[in-house]
Amino acid sequence: MSDWLGTKTQPLLECINRKQSILDPSLETTTLVTQTKMLIVRAIIVATLISSVAAGPWGQICAGNPRNKARGCDGYGCGYYTAPREDGRRKHLGVDVICGDGSTVYAPFSGMIERRMNPHGGRSVINNGVKLRGSGFCVHMFYIRPVTYRGWIDKGQKIGEMLPMQRVYPGITSHVHVQNCNRFNVTRYLKVEEVTRESAILDLTLTNREELVVNLKVEGNLCESDDEMTDVMVRRKRSNTVHRNFNSSRELWRNGCNMFPLKVIVFVALVSIVAAGPWGQICAGNPRNKVRGCDKFGCGHYGAPRIVGGKHRGVDVICRDGSTVYAPFSGTIGGRVNPYRKNNAINNGLLLRGSGFCIHMFYIRPVRYRGWIKKGQKIGVMLPMQRVYRGMTSHVHVQNCNRSNPTRNL
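Now for a quick tour of the structure. (Residues numbered from 1 in each chain as written. Predicted model: local features only at pLDDT ≥ 70, side-chain atom pairs only at ≥ 80, totals over all residues. Heavy atoms only, no water.)

**Quick notes on the overall build of the chain**
Rules: A run of DSSP states H or I qualifies as a helix once it reaches four residues; a run of E qualifies as a strand once it reaches two. Both are numbered from the N-terminal end. Summary of the burial criterion: residues with accessible area below 20% of their type's maximum are buried, those above 50% are exposed, and those between are partly exposed, where the area comes from a 1.4 Å probe applied to protein chains only. Whether two residues are in contact is decided by their heavy atoms, any of which lying within 4.5 Å being enough.
When helices and strands are tallied, the chain shows 8 helices and 24 strands. Looking at the chain as a whole, 45% of its 410 residues are labelled buried. Restricting to contacts in the chain with at least 6 residues of sequence separation, those with at least 24 account for 65%.

**Some words on the state of the cysteines**
Put simply, the test is: In what follows, a disulfide is any cysteine sulfur pair within 2.5 Å.
Using the criterion set out here, one finds 6 disulfides in the structure. Disulfide partner of Cys62: Cys99, at an S-S distance of 2.0 Å. A torsion of 70 degrees about the S-S bond marks the disulfide between Cys62 and Cys99 as right-handed. Separated by 37 residues along the polypeptide, Cys62 in the loop between helix H2 (31–55) and strand S1 (73–74) and Cys99 in the loop between strand S5 (95–98) and strand S6 (104–106) bring together distant segments of the chain. Per residue, the accessibility class of Cys62 equals that of Cys99, and both read buried. A sulfur-sulfur separation of 2.0 Å characterises the disulfide bridge that pairs Cys138 with Cys181. A torsion of -70 degrees about the S-S bond marks the disulfide between Cys138 and Cys181 as left-handed.

**Some details on the pairing of strand S20 (residues 357–362)**
The test is simple: The pairing criterion is simple: DSSP has to find at least two bridges between the two strands.
The buried fraction of S20 amounts to 6 of the 6 residues, a majority that puts the element mostly inside the structure. Of the two faces of S20, the one holding Phe357, Ile359 and Met361 and the one holding Cys358, His360 and Phe362 are both buried throughout. Bridge analysis of strand S19 (residues 349–354) against S20 gives 6 bridges, and the strand direction is antiparallel. In the strand pairing of S20, Leu352 is matched with Ile359. Here S19 hands over to S20 after 2 residues, with Ser355 in that stretch at a positive phi of 55 degrees. The pairing of S20 with strand S24 (residues 395–400) spans 4 bridges and is antiparallel. From the neighbouring strand, Ile359 faces S24, where its bridge partner is Asn400.

**Focus: the pattern of salt bridges**
Our working rule: One side-chain nitrogen of Lys or Arg within 4 Å of one carboxyl oxygen of Asp or Glu is enough to make a salt bridge.
Counted under the stated rule, the structure contains 10 salt bridges. Residue Arg71 is joined to Asp74 by a salt bridge in which the shortest nitrogen-to-oxygen separation is 2.9 Å. As far as the burial class goes, Arg71 and Asp74 line up, both buried. For Arg292, the salt bridge is made with Asp295, and the minimal N-O distance between the two is 2.9 Å. Salt bridges linked by common partners bring Arg71, Asp74, Arg85 and Asp96 together as one network.

**A few points about the sheet that holds strand S17 (residues 324–326)**
Convention followed: Every angle, taken between N-to-C directions, lies between 0 and 180 degrees, and every axis is a line fitted to C-alpha atoms, over only the stretch in contact when it is a helix.
Read from one edge of the open sheet, 3 strands run S17-S23-S21, paired in antiparallel fashion. Each edge of the open sheet carries a strand with a single partner, namely S17 and strand S21 (364–366). Recorded for the sheet is a direction-independent mean angle of 40 degrees between the axes of neighbouring strands. With 3 bridges joining them, S21 and strand S23 (residues 378–382) adopt antiparallel strand pairing. Looking at S23, one finds that Arg365 is bridged to Val381.

**What about the sheet that holds strand S16 (residues 315–318)?**
Strands in a sheet are paired, the pairing made by backbone hydrogen bonds, and the direction either parallel or antiparallel. Spatially, S16-S24-S20-S19-S18-S22 is the arrangement adopted by the 6 strands of the open sheet, whose pairing is antiparallel. Edge strands, defined here as strands with exactly one partner in the open sheet, are S16 and strand S22 (371–373). On average, each strand axis in the sheet is tilted by 30 degrees relative to the strand beside it, whichever way the strands run.

**Remarks on the packing of aromatic side chains**
Cut-off, in case you're wondering: Any Phe, Tyr or Trp ring, taking Trp's six-membered ring, that has another such ring centre within 6.5 Å forms a pair; planes under 30 degrees apart are called stacked, those over 60 apart edge-to-face, and the others tilted.
In this structure the tally under the stated criterion is 13 aromatic pairs. Centroid distance Trp58 to Phe109: 5.5 Å. Interplanar angle 45 degrees. Geometry classified as tilted. Taken together, the positions of Trp58 in the loop between H2 and S1 and Phe109 in the loop between S6 and strand S7 (111–116) put the pair 51 residues apart, joining distant regions of the chain. Summarising the burial analysis for this pair, Trp58 and Phe109 share the class buried. Where Phe329 meets Phe357, the ring centres are 5.2 Å apart and the plane angle is 45 degrees; that geometry is what we call tilted. Placement of Phe329 in the loop between S17 and strand S18 (331–336) and of Phe357 in strand S20 is noted, with a sequence separation of 28 residues between them. A single burial state applies to Phe329 and to Phe357, both of which are buried. Taken together, the ring pairs in this structure connect Trp58, Phe109, Phe137 and Tyr189 into an aromatic cluster.

Keep in mind these numbers describe shape, not what the thing actually does.
As structure tokens, this is what we get:
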């Protein structure tokens with residue numbers, strides 16, 4: 001090491017001596033001065049080498065996410081740095097690294113755990129985190145249960161566990177929030193491609209989730225222009241060349257937003273309906289969504305007359321009591337909806353909105369009342385209809401929010 005440093009530093013020392021002789025020809029460099037200069041230069045080089053090797057890029061933060069992939073956009077917002085928050089009144093000053101609830105969380109670099117850091121003022125099951133300082137960095141890591149609140153930790157060593165984010169924010173992409181102590185952008189240290197507003201919208205578009213584009217826009221988190229949305233539609237039809245087409249819209253995003261709220265919302269809805277296609281299977285055991293025929297209580301088709309007057313404004317999809325019920329399309333569960341004013345064993349249901357659709361699903365026990373759900377994922381269980389209407393063909397009542405006919409979508 002000494003010989004190598006001598007070889008590398010000797011030209012620098014000779015240069016210093018030559019410049020010194022030019023400034024003062026009468027000055028003779030003594031042995032002590034030369035040795036001192038050599039020690040200083042070598043120390044600088046060694047310190048630079050050690051710091052560059054020690055710091056490097058950060059390591060993996062969460063088990064199951066080796067590349068520190070950042071959260072895109074969901075029903076609660078986006079996870080990239082500077083993503084809008086609270087209707088645009090503030091910005092997201094960290095990066096959300098995807099992490100499944102209960103997963104092991106690792107130290108991204110070697111350093112000292114200084115203390116506990118809470119992301120929220122109130123109490124919740126995810127209100128925990130730590131401050132980690134070392135290797136030239138200082139970060140806050142939120143939504144984890146640390147193994148300790150003080151002490152040294154090595155890069156890659158377990159620093160904690162991901163807390164149950166789904167219990168607080170159902171449907172959000174669970175994540176560890178990583179934020180620089182000085183609130184600067186940490187993205188480049190994560191060694192991943194930066195998640196931007198453009199790529200987040202592209203991800204939503206290609207996964208049939210344009211309704212989230214609308215939701216985020218209405219909340220002030222995103223904005224689009226007619227040209228941008230046209231470009232989105234072109235990218236949908238030519239998904240095999242999406243990366244080549246994407247550069248044209250990138251400049252539009254950077255040049256600002258030409259806001260036409262109503263036109264954009266209508267346009268996105270139309271694109272979604274065209275792209276979404278038919279709904280998926282609704283009830284286990286009924287793969288073709290066969291509709292209830294007629295029994296002593298009435299008929300299950302749209303527009304069927306009812307004894308109490310009026311017409312049937314939904315479609316009854318046959319489903320045996322206790323069967324698993326699936327989401328017919330991807331979307332956000334918008335809350336509980338009861339079919340009756342008086343309570344009984346089947347008085348339950350939900351509102352599902354997404355992929356250009358909005359429906360009520362009655363007579364099921366939902367797995368939850370809020371959050372994102374994918375097409376084909378279990379959304380609930382069929383309630384015991386025979387206990388209330390013995391002899392009726394048990395079914396899930398599916399009704400469009402605007403009470404139009406949903407039959408063609410089945």
